[in-house]
Amino acid sequence: MTVATLSEVLQPALRDGYAVAGLVVLGWEDARAFVTAAEAERLPVILQAGPACRAHTPLPIIATTFRHLAENASVPVVLHLDHGYSREECQMALDLGFTSVMYDGSRKPFEDNIAKTAAIAEMAHAAGASCEGEIGFVGYHDGAASKGTDPAEAAIFAEQTGVDAMAISIGNVHLQSTASSTLDKARLRDIQALTTVPLVIHGGSGVPMDQRRTLAGNSNICKFNIGTELRQTFGKALRNALDSDPNAFDRIEILKQTHDPLVTATRRILRNLKPD
């Protein structure tokens with residue numbers, strides 16, 4: 001069995017200077033492709049069930065899918081709930097066998113975020129799982145604006161919550177369809193000068209690959225969340241499959257044609273973050 005917690009894959013990354021990809025899953029096809037790619041590269045991978053995935057597919061089905069893939073994989077696979085917004089949702093994920101939960105209290109007042117995140121971190125640790133929190137606020141492309149992470153608040157948050165990973169806002173933005181983010185390296189240096197907790201970049205698709213690689217090897221950023229660029233790969237492959245045969249109607253045969261392009265794109269992402 002290669003089911004792993006978030007801490008089990010991030011602590012080696014922090015120690016040895018690389019990062020692990022947190023890949024946003026929307027269904028069976030991409031989850032399977034992500035694990036296939038991780039096995040081909042001999043690297044760990046984090047399967048992430050975010051709000052969009054959970055709105056489309058009941059959490060028990062997601063949990064069963066993730067666990068089936070993890071238990072049959074030859075590399076460590078983390079079962080991660082991304083952007084959990086309530087204690088109940090995080091508890092349900094843990095009860096279903098998720099090995100990591102991210103509680104997102106980033107929209108809450110600072111003290112409230114600390115208190116709620118600390119309670120969920122304690123709950124996760126009691127279940128043998130890991131917890132990620134967010135300090136500052138990572139905004140959305142064409143949506144809510146970001147609030148940069150205050151380094152002093154990040155240090156307090158890390159110490160008082162006991163999280164295993166901390167998502168920060170340093171110019172990264174969710175749902176960017178082009179790699180055009182400009183990250184605030186000075187803010188990053190100030191944050192990691194005050195805490196050694198593994199750092200997480202949400203909105204990793206918006207960060208150019210060369211920057212991801214540099215940061216993976218030369219900072220405390222140990223996890224990049226990647227969703228949009230792989231959804232773009234899936235969408236392109238699906239359109240190509242349909243365009244190649246306008247009379248196609250068998251969904252299984254159509255969806256099979258997304259597998260190889262997704263594996264290729266995922267391998268490139270994983271390889272870019274691995275240790276030298």
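It should be noted that the structure appears before, not after, this text.
Residues numbered from 1 in each chain as written. Predicted model: local features only at pLDDT ≥ 70, side-chain atom pairs only at ≥ 80, totals over all residues. Heavy atoms only, no water.

Q: Would you mind going over helix H12 (residues 259-273) in detail, with residue names and values included?
A: For H12, with 15 residues, the first-to-last C-alpha span of 22 Å sits near the 21 Å given by 1.5 Å per residue. Here H12 has its buried residues at His 259, Leu 262, Val 263, Ala 265, Thr 266, Ile 269, Leu 270, Asn 272 and Leu 273. (Helix = DSSP H or I, 4+ residues; strand = E, 2+ residues; numbered from the N terminus. Expected span 1.5 Å × (residues − 1). Buried < 20%, exposed > 50% of the residue type's maximum accessible area, 1.4 Å probe, protein only.)

Q: Could you give an account of the side chain of His 202, naming the residues involved and the relevant values?
A: For His 202, the location among the structural elements is in the loop between strand S8 (199-201) and helix H9 (209-218). Setting aside chain neighbours within four positions, we find His 202 in contact with Asp 82, His 83, Met 102, Glu 132, Val 138, Ala 167, Asn 172, Val 173, His 174 and Asn 225. (Contact = heavy atoms within 4.5 Å.)

Q: Any chance you could break down the pattern of salt bridges for me, citing the residues and the numbers?
A: Counting across every chain of the model gives 10 salt bridges. The residue Lys 256 makes a salt bridge to Glu 253 at a minimum N-O spacing of 3.3 Å. Placement of the pair is Lys 256 and Glu 253 together in helix H11 (residues 251-256), with a separation of three residues, close to one helical turn. Owing to a relative accessible area of 48%, Lys 256 belongs among the partly exposed residues under this scheme. (Salt bridge = Lys/Arg side-chain N within 4 Å of Asp/Glu carboxyl O.)

Q: Quick rundown of the nonpolar core? Include the residues and the values.
A: Formed by 66 residues in total, the largest nonpolar core has its most connected members in Phe 98, Met 166, Ile 168 and Phe 224. Excluding its chain neighbours within four sequence positions, the residues that come into contact with Phe 98 are Ala 49, Leu 59, Ile 62, Ala 63, Phe 66, Leu 79, His 80, Leu 81, Ala 93 and Ala 129. (Core = buried A, V, L, I, M, F, W, Y, C linked by side-chain atoms within 4.5 Å.)

Q: Just give me the short version of the pairing of strand S3 (residues 45-49), but keep the residues and values in it.
A: Among the five residues that make up S3, five are buried, leaving the element largely enclosed by the rest of the structure. Alignment of strand S2 (residues 20-25) against S3, held across four bridges, turns out to be parallel. Residue Val 24 lies in a different strand from S3, and its bridge partner there is Gln 48. You can see the chain leave S2, run along helix H2 (residues 28-41) and come back into S3, and the turn it takes is right-handed. With five bridges joining them, S3 and strand S4 (residues 77-84) adopt parallel strand pairing. Residue pairing across strands places Leu 47 opposite Leu 79, the latter belonging to S4. (Pairing = 2+ DSSP bridges. Right-handed = clockwise from strand over helix to strand, strands pointing away.)

Q: Lay out the packing of aromatic side chains in plain terms, naming residues and giving numbers.
A: Scanning all chains against the criterion turns up two aromatic pairs. Each ring, one from Phe 66 and one from Phe 98, has its centre 5.9 Å from the other, and the planes form 55°; the classification is tilted. On the criterion of sequence distance, the pair formed by Phe 66 in helix H4 (residues 59-71) and Phe 98 in the loop between helix H5 (87-95) and strand S5 (100-103) is long-range, its members being 32 residues apart. Look at Phe 98 and you get buried, because its relative accessible area is 3%. (Phe/Tyr/Trp six-rings, centres within 6.5 Å; stacked < 30°, edge-to-face > 60°.)

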